[in-house]
Every structure is written in C-alpha cells, then in structure tokens.
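An overview of the molecular structure
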Amino acid sequence: TLVNVPAEMVITSDVPRTVSLRIRGPLNHLRALDPAHTGVVVDLRGASEGEHEFEVEARNVAVPEGMNVLAVSPSQLPLRLERVVRRQLPVRVQVVGEPAPGLRVVGVAVEPATAVVSGPRLQLEALHGVATDPVNIDGAEGSVETVSTVRSPHPLMRVIEPLAVHVTVTLAPVRPEPRDGRRR
C-alpha cells in the first residue's frame with residue numbers, strides 16, 4: 001500500500017502488485033498464513049516529481065502476531081511521480097459513417113473549440129487534443145447538429161470543462177466530374 005502520496009502528484013509508473021516475503025514464526029501460523037492478512041506500506045511523504053527508488057523494509061510489513069519478517073524482495077520499489085497540471089487542448093470531433101449518396105462532408109465545427117484537461121504533466125504535454133464521442137452521420141441527408149461528450153484520453157486524466165460540446169457536421173452535394181474529363 002502506498003501512503004502519503006503528495007496531493008498534487010500522481011504515480012504514472014506500474015506499481016508491483018506483489019512482493020516476496022521471508023517470514024519466521026511457528027509452523028502452524030505459517031501454514032495458516034493468508035496473504036490477505038499481510039501488507040507492505042510504503043510512505044511517499046515529501047516525494048518530488050520524477051523517478052524514485054523507495055525502500056521496502058521489513059519494519060513496513062504487517063504480519064500476524066508472533067511472526068517476524070526476515071527479508072522483503074524486491075527491497076526497492078521504483079516509482080515515477082508526476083505533478084498534476086491543467087492544460088487547454090483542442091477538441092477533435094470523431095465523425096463516423098457515410099452521408100446519404102450524393103453528399104459529402106465539407107466542414108466540421110465544434111463549440112467550444114477547446115477543453116481544459118487535468119492530468120500528469122508529461123502525459124498532458126505529449127497530448128495534441130481530446131476527442132469527442134463518435135458523431136454518426138451514416139445516411140444523413142443534411143447537415144448534422146448534435147451535442148457530444150468530450151472523452152478523457154487516459155484514466156489518469158480528467159476533463160474539467162466543458163464536459164460536452166456542440167458539433168455541426170456540414171454536408172454538401174458532391175460535385176459531378178465534367179463530362180469531358182477536365183476539371184474546372
């Protein structure tokens with residue numbers, strides 16, 4: 001269990017789900033030992049942003065009365081912490097389907113055009129935009145107007161505002177090719 005994770009930080013690396021313990025105690029207690037009744041506590045108090053190796057010490061392992069922890073493996077827990085920040089990103093509309101025959105998409109507008117997202121600093125810096133739920137134009141015989149939800153791009157990220165946007169997909173007739181084969 002990780003405790004005292006700084007409020008403005010989030011862990012972005014994989015956290016090992018298990019550790020190996022060498023325990024000494026009465027044989028009948030060892031045979032009855034349930035892993036659910038043991039636990040390792042790693043204190044992240046005061047941790048800063050970046051890559052860290054946290055000590056996993058025997059004194060931080062909870063075991064039933066009468067047992068002693070002799071060794072913990074791994075003895076170091078590598079973790080990456082990132083500061084949680086906010087960033088304004090463009091909203092990208094995901095259009096799916098094909099309009100009715102003879103029509104084509106000539107424009108996609110979204111209002112508002114940006115969304116505020118919070119999440120791990122490095123992941124947000126790498127992000128170029130956030131997507132909406134798919135806007136289906138399959139068989140549409142005219143322009144489509146709808147409200148679409150803005151989706152979080154990652155479980156560690158959260159859309160702050162807006163949670164939904166107004167989307168307009170503008171359709172127009174397909175221009176027929178000239179009969180003589182030349183473009184005008």
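Anything mentioned here points back to the structure above.
Residues numbered from 1 in each chain as written. Predicted model: local features only at pLDDT ≥ 70, side-chain atom pairs only at ≥ 80, totals over all residues. Heavy atoms only, no water.

Quantified by volume, the largest pocket comes out at close to 410 Å³. For the lining of the largest pocket, the class distribution of residues is ten nonpolar, four polar and one charged. (1 Å grid on protein atoms, 1.4 Å probe; cavity = no way out; pocket = protein on both sides within 12 Å on 5 of 7 lines; lining within 4 Å. Points joined across faces, edges and corners; volume = space filled by probe spheres on them. Nonpolar A, V, L, I, M, F, W, Y, C, P; charged D, E, K, R; others polar.)

Moving on: the nonpolar core. Within the largest apolar cluster, 19 residues are counted, with the highest numbers of intra-cluster contacts made by Val130 and Val169. Among the secondary structure elements, those contributing two or more residues to this core are strand S9 (76-92), strand S12 (114-120) and strand S17 (164-173). The element best represented in this core is S17, accounting for four residues. For Val130, the residues in contact, after removing those within four places along its chain, are Leu89, Pro90, Val91, Arg92, Ala115, Val117, Val150, Arg151 and Pro153. (Core = buried A, V, L, I, M, F, W, Y, C linked by side-chain atoms within 4.5 Å. Buried < 20%, exposed > 50% of the residue type's maximum accessible area, 1.4 Å probe, protein only. Helix = DSSP H or I, 4+ residues; strand = E, 2+ residues; numbered from the N terminus. Contact = heavy atoms within 4.5 Å.)

Now for the sheet that holds strand S11 (residues 103-111). With antiparallel pairing, the three strands of this open sheet are ordered in space as S11-S17-S15. Here the strands that pair on one side only, and so sit at the sheet edges, are S11 and strand S15 (144-149). Ignoring strand direction, the axes of neighbouring strands in this sheet form an average angle of 25 degrees. (Pairing = 2+ DSSP bridges. Axes fitted to C-alpha atoms, helices over the stretch in contact; angles between N-to-C directions.)

Attention now moves to a nonpolar patch on the surface. There is a patch of nonpolar side chains on the surface, built from Val95, Val105 and Val108 and spanning about 190 Å² of accessible area. As for its placement among the helices and strands, Val108 is situated in strand S11. Given the relative accessible area of 43%, Val108 is considered partly exposed. (Patch = residues over 30% accessible without salt bridge, like charges linked within 9 Å, V, L, I, M, F, W, Y side chains within 5 Å. Areas by Shrake-Rupley, 256 points an atom, 1.4 Å probe, with all protein chains shown as cover. Salt bridge = Lys/Arg side-chain N within 4 Å of Asp/Glu carboxyl O.)

Let us look at the environment of His128. Locating His128 in the fold gives a position in the loop between helix H2 (121-126) and strand S13 (130-131). For the pair His128 and Pro26, spaced 102 residues apart in the sequence, the C-alpha separation amounts to 58 Å. Every residue in contact with His128, bar those within four places of it in the chain, is listed here: Leu89, Pro90 and Arg92.

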